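Analysis of the macromolecular model
Here is how the chains run, residue by residue.
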Amino acid sequence: MRTYRIAVIPGDGIGNEVLPEGQKVLEASAGGRFRLDWQQFDWSCERFAKTGAMMPKDGLDQIRDFDAIYLGAVGFPGVPDHVSLWGLLIPIRRNFHQYINLRPVKLLKGVDSPLKSPGDIDFYVVRENNEGEYSNIGGRLYEGSEAELCMQQSIFSRRGCDRVMKYAFELAKTRKKHVTSATKSNGISHTMPYWDERFAAMTKQYPDVKADVYHIDILTAHFVRNPHWFDVVVGSNLFGDILSDLGPAVVGSIGIAPGANINPEKEYPSMFEPVHGSAPDIAGKGIANPIGQIWSGAMMLRHLGEEEAAQTIERAIETVLADGKSLTRDLGGKANTKELGDALASIVRETTHALA
Ligand code: NAD
Ligand code: IPM
Ligand code: MN
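Here's a quick rundown of the structure.

Conventions and cut-offs
Residues numbered from 1 in each chain as written. Chains lettered and ligands numbered in written order. Predicted model: local features only at pLDDT ≥ 70, side-chain atom pairs only at ≥ 80, totals over all residues. Near = placed C-beta within 6 Å. Nonpolar A, V, L, I, M, F, W, Y, C, P; charged D, E, K, R; others polar. Helix = DSSP H or I, 4+ residues; strand = E, 2+ residues; numbered from the N terminus. Contact = placed C-beta atoms within 7 Å. Axes fitted to C-alpha atoms, helices over the stretch in contact; angles between N-to-C directions. Parallel < 35°, antiparallel > 145°, perpendicular 65-115°, else oblique. Left-handed = near helix turned anticlockwise from the far one by under 90°. Pairing = 2+ DSSP bridges.

**Focus: the site of ligand 2**
As a matter of local geometry, ligand 2 sits amid Gly 75, Leu 85, Asp 241, Val 275 and Gly 277. Here the residues of the shell around ligand 2 sort into two nonpolar, two polar and one charged.

This is the structure we're talking about:
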């Protein structure tokens, strides 16, 4: 039987509450056809408080040979966010060349969109995940004086732009054949015109895919006014980050939004984590929605080649949402994290049993 070795990093806050629900549902989907060998890592802000580091010095080496990484959330009050994130999440994304951050946005039955007439919303945000506006190059000058200033470099490499755009076009070929690029080349005078240039070059290789470009400001407006327009939206690290919180807000709840940090070449493990963070405001109460974590787990199984199990989980999510009886508060229900996880695990177990 095929066994997958999974590095589990619950991280901070609700990461610790939703991740076990993900493991439970994924176990239920295995149904004796494959095995999941979980290894737990306590890397977190709590570890930082004790040791001064989010993960051990050889942390990346410890997880390098796993088949995948299943992560909850990183960051908690007490440790500055840039310290915790650059100490754990961002090094994993970069060192393992997880240059695609794939985040589906889909309006599902049973979930209320805040829009009056949302229409059919089903698209992907493909976010560049290794470079762009996220950098540690920069610094302060003239500290403490009136002339004090701070600078931060953005990096847009040809390889970095081309590979994320190519991924977006290839994905669109399997869907509605439409790619939208997020830019801001009217205000940002070097990197964004370069991004546009690379996008224009890529469109030539995909004559059958419709391509359009919007500046990020009006694009956010269209996400709200016309979310049904989109199929695949490709954006830089920062723009993709913003769009992948806005998309889920438009389809109901950040709590159900899944994400995958993918190394398409499979030279390194990919990492699967919900879009949301550690939610300090509700952490410890047991009321967080585990669906984002569970759906990210389905994306992990798909990446590992377990398509049937992935689909079983995704269908169970649709069933539970449409049924509406076991939903958490963010979706207007009364269930707690564990009750929603149990409801999903039991549907998945039944379906998996019936398939066997
Ligand atoms: P957040 O996503 O943690 O929370 C935003 C809001 O959404 C909060 O009101 C929260 O209660 C709610 N929410 C989030 N997930 C939910 C869920 N599963 N169920 C119900 N409600 C949910 O964003 P934030 O407050 O900006 O960030 C908190 C911390 O998490 C910060 O340290 C931030 O840097 C970090 N963060 C980490 C990741 C990650 O690990 N990938 C992502 C985003 C934020
Ligand atoms: C996300 C998060 C992270 C990001 C933060 C916590 C660094 O917001 O995964 O979307 O911006 O990539
Ligand atoms: Mn984000």
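Next comes the rest of the account.
**Some thoughts on the environment of Ala 260**
One can find Ala 260 in strand β11 (residues 260–262). Sequence spacing of Ala 260 and Ser 296 is 36 residues, and the spatial spacing of their C-alpha atoms is 6.6 Å. Those residues within four positions of Ala 260 in sequence are excluded, and the remaining contacts are Leu 102, Ser 270, Phe 272, Ser 296, Met 299 and His 303.

**Some points on the packing of helix α6 (residues 158–173) against helix α7 (residues 191–205)**
Packed helices, taken two at a time, are described by their axes: the angle between them and the distance between them. Closest axis-to-axis distance for the α6/α7 pair is 10 Å, and the angle between their directions is 45°. Viewed along their axes, α6 and α7 adopt a mutual orientation that is oblique. Crossing angle aside, the handedness with which α6 passes α7 is right-handed. Judged by residue contacts, Arg 158, Cys 161, Asp 162, Met 165, Lys 166 and Phe 169 of α6 engage Trp 195, Arg 198, Phe 199 and Met 202 from α7. Grouping the constituent residues of the contact of α6 with α7 by class yields six nonpolar, no polar and four charged.

**Here's the deal with the site of ligand 1**
Taken together, 23 residues lie around ligand 1, and Gly 75, Gly 255, His 276, Gly 277 and Asn 289 are the ones closest in. Looking at side-chain class alone, the shell around ligand 1 contains twelve nonpolar, seven polar and four charged residues.

**As for the sheet that holds strand β3 (residues 68–73)**
The strands that make up a sheet pair up through hydrogen bonds in the backbone, lying either parallel or antiparallel. The ten strands lie next to each other as β2-β1-β3-β12-β11-β4-β5-β10-β8-β9, forming an open sheet whose pairing is mixed. Of all the strands in the sheet, just β2 (34–40) and β9 (210–215) have a single pairing partner and so form its edges. If you compare each strand with its neighbour and ignore which way they point, the axes differ by 25° on average. Together, β8 (178–183) and β9 form the strand contacts of α7, whose direction differs from that of β8 by roughly 165°. Packed onto the sheet, helix α10 (residues 291–304) meets β1 (2–11), β3, β11 and β12 (270–272) and runs at close to 170° relative to β3.

Structural measurements only, silent on function.
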